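Listed here are the chains, written in short residue letters.
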Amino acid sequence: MFETFEMAPPDSILGLTDAFKKDPNPNKINLSVGVYKNAAGSTPILRCVKEAERRLLEEEQTKGYLGIDGLPEFGRLACELLLTAGHEALTSGRIVSLQTPGGTGALRVAADFLKQNLPTASVWVSKPTWANHPNIFQAADRKVETYQYINAAGTTLDFDAMLQALNRIPAGDVVLLHGCCHNPTGVDPTADQWQQIADVLHDRKLLPLIDFAYQGFGKGIDEDAAGLRTVIRPGTEALICSSFSKNFGLYSERVGALTIVASTTDAAQAALSHAKISVRTNYSNPPQHGGAIVAKVLGDAELRGLWEEELAEMRGRIHDMRTLFVETMKQKAPQHDFSFIADQCGMFSFSGLTPVQVDELKSKHSVYIVTSGGRINVAGMTAENMDRLCSAIASVL
Ligand code: LMR
């Protein structure tokens, strides 16, 4: 049967890494997939993770199955990281969290949960959004619509257009928001804009689905959660898909969480029982190792302190690379203004390079960035590759 199949297109992000790996150029630069690199250009295992793994290896007694929703300790700590330990949603018990295989796993479980339980609700995503968002929801037969987000130049938030669009979404639909470090633009709403977004969601009875994959990569652990905490008002409902790939460097361990905030404890338990059906029919129950690492680090004062230090180091380096990129581009192509990159947040920015320029970067300079909007992974830049990178960009402009 398979003889009749034609090749499917490569993934718009991960496909580029496959192409990068095959590129023989020793000076190639991969700024496509969102993976953090240190100053030496490698993606190290965090020290807190290594120590947690050492302790786990000593203590672990069994490889028996976890529950469908994963490690209970992981779930509790994941909720606390999102909202803080004393938050009313936690103390009243109207929040539940399931350990999932990565943030993508959380999104897919959420998509199936919506399909089963809110079958007529469309999912509204920002324009633009992470390329995999529409694919995940469409794979679960969800209708995906878009709301305006970025200005025409791709450099700042068009908040009036966004708010107008949100105000037209029918009650009962789902609005996907990026909790911080918007992927792919690096442009986030301000605190005041989050208040207004929360008002619209509340007034129009829209269900927020917050994709939160970069907590700690923007301004800080609590600062990055401020928008999400604005949305979670007393009694409000939400779905939150968080990831520990980036902030713990646990990419290959696939560890994330689907958190459900309901209006009451009973409603939270009922929602959890339905989410568990989605998990059971997808992958039965989550893998243990990554979740156990996160729980070990977050639950131990010493390891948590070390994690916060290491996370601050990654955040600081990304910030420095933004500044250095803008300065270097000023020298290489003074007629082009890239200063907006320094104002943006997290791993990604839209460079504004056209698909033709992106192609030329790849074919002539072995520099790999995502075609749509010319998305650049700033966290992949280093002081060592900056000159080469900016010269290549200047030559295709
Ligand atoms: C990205 O946008 O590059 C990351 O979220 C990784 C991925 O899976 O696409």
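What you see is a predicted model, and the numbers here were worked out from it, not measured in a lab. (Residues numbered from 1 in each chain as written. Predicted model: local features only at pLDDT ≥ 70, side-chain atom pairs only at ≥ 80, totals over all residues. Heavy atoms only, no water.)

1. What to know about the environment of Arg-322
Right, so step 1: Following the sequence through the fold, Arg-322 ends up in helix α13 (residues 301-332).
Right, so step 2: We classify Arg-322 as buried; its relative accessible area is 2%.
Right, so step 3: Expressed as a C-alpha distance, the spacing of Arg-322 and Ser-339, which sit 17 residues apart in the sequence, is 9.1 Å.
Right, so step 4: If we skip the residues at most four places from it in the chain, Arg-322 touches Ile-341, Ala-342, Gln-344, Cys-345, Gly-346, Met-347, Phe-348, Ser-349 and Val-378.
Right, so step 5: In this structure the side chain of Arg-322 is engaged in a polar contact, spanning 2.7 Å, whose partner is the side chain of Ser-349. (Helix = DSSP H or I, 4+ residues; strand = E, 2+ residues; numbered from the N terminus. Buried < 20%, exposed > 50% of the residue type's maximum accessible area, 1.4 Å probe, protein only. Contact = heavy atoms within 4.5 Å. Polar contact = N/O pair within 3.5 Å; in protein donor to acceptor, adjacent residues only side chain to side chain.)

2. Side note on the site of the ligand
Right, so step 1: Taken together, the neighbourhood of the ligand is formed by Ile-13, Val-33, Gly-34, Trp-130, Asn-183, Tyr-214, Lys-246, Phe-348 and Arg-375.
Right, so step 2: For the ligand, an oxygen atom lies 3.0 Å from a polar atom in the side chain of Asn-183.
Right, so step 3: Within the side chain of Lys-246, one N or O atom sits 3.4 Å away from an oxygen atom of the ligand.
Right, so step 4: Coverage of the ligand by the protein amounts to 83% of the 260 Å² it exposes when considered alone.
Right, so step 5: When its residues are assigned to classes, the shell around the ligand shows five nonpolar, two polar and two charged. (Near = heavy atom within 4 Å. Areas by Shrake-Rupley, 256 points an atom, 1.4 Å probe, with all protein chains shown as cover. Nonpolar A, V, L, I, M, F, W, Y, C, P; charged D, E, K, R; others polar.)

3. Observations regarding the sheet that holds strand β5 (residues 174-178)
Right, so step 1: The strand order β2-β8-β7-β6-β5-β3-β4 describes an open sheet built from seven strands, whose pairing is mixed. One side of each edge strand has no neighbouring strand; the edge strands of this open sheet are β2 (95-100) and β4 (144-148). Pairwise comparison of adjacent strand axes, ignoring direction, gives a mean angle of 25° for this sheet.
Right, so step 2: Of the pairings in the sheet, the one linking β2 to strand β8 (residues 256-261) comprises six bridges and is antiparallel in character. When the bridges of β8 are listed, Thr-100 appears paired with Gly-256.
Right, so step 3: Of the strands in this sheet, β2, β3 (123-127), β5, β6 (207-212), β7 (238-243) and β8 touch helix α5 (residues 102-117), which is tilted by about 155° from β7.
Right, so step 4: Contacts between helix α11 (residues 265-282) and the sheet are confined to β2 and β8, with β2 contributing the most and set at about 15° to the helix. (Pairing = 2+ DSSP bridges. Axes fitted to C-alpha atoms, helices over the stretch in contact; angles between N-to-C directions.)

4. Here we look at α11
Right, so step 1: For α11, spanning 18 residues, the distance from its first C-alpha to its last is 26 Å, which sits close to the expected 26 Å at 1.5 Å a residue.
Right, so step 2: Looking only at α11, the buried set comprises Ala-268, Ala-271, Leu-272, Ala-275, Ser-278 and Val-279. One side of α11 carries all its buried residues, which in axial view fall inside an arc of 115°. Away from its buried face, by an angle of more than 90 degrees, α11 presents the exposed residues Asp-266, Arg-280 and Thr-281.
Right, so step 3: Ser-284 occupies a position one or two residues after α11 and carries a positive phi of about 75°. (Expected span 1.5 Å × (residues − 1). Arc of directions from axis to C-beta.)

5. With respect to the packing of helix α2 (residues 47-59) against helix α12 (residues 289-298)
Right, so step 1: With their axes 9 Å apart at the nearest point, α2 and α12 run at an angle of 110° to one another. As judged from the angle between their axes, α2 and α12 are roughly perpendicular. For the pair formed by α2 and α12, the contact residues are Cys-48, Val-49, Ala-52, Glu-53, Arg-55, Leu-56 and Glu-59 on the first element and His-289, Ala-292, Ile-293, Lys-296 and Val-297 on the second.
Right, so step 2: Tallied by class, residues from the contact of α2 with α12 come to seven nonpolar, one polar and four charged. (Parallel < 35°, antiparallel > 145°, perpendicular 65-115°, else oblique.)

6. Topic: the pattern of salt bridges
Right, so step 1: Applying the stated rule across the entire model yields 20 salt bridges.
Right, so step 2: Several salt bridges converge on common partners, so that one network encompasses Glu-51, Arg-54, Arg-55, Glu-58, Asp-300 and Glu-302. (Salt bridge = Lys/Arg side-chain N within 4 Å of Asp/Glu carboxyl O.)

7. Some thoughts on the domain arrangement of the protein chain
Right, so step 1: Segmenting the protein chain into domains produces domain 1 (9-45 + 316-396) and domain 2 (65-299).
Right, so step 2: Using only C-alpha atoms to locate each centre, domain 1 and domain 2 end up separated by 28 Å.
Right, so step 3: Each partner contributes to the interface: domain 1 provides 16 residues, whereas domain 2 provides 18 residues.
Right, so step 4: Note on domain 1 versus domain 2: buried area summed over both sides is about 1400 Å², and carbon and sulfur give 66% of it.
Right, so step 5: Among the residues of domain 1 in contact with domain 2, Cys-345, Phe-348 and Phe-350 are the three that bury the most area, contributing 38% of the side total. (Domains from an automatic or database assignment. Buried area = accessible area lost by both parts, 1.4 Å probe.)

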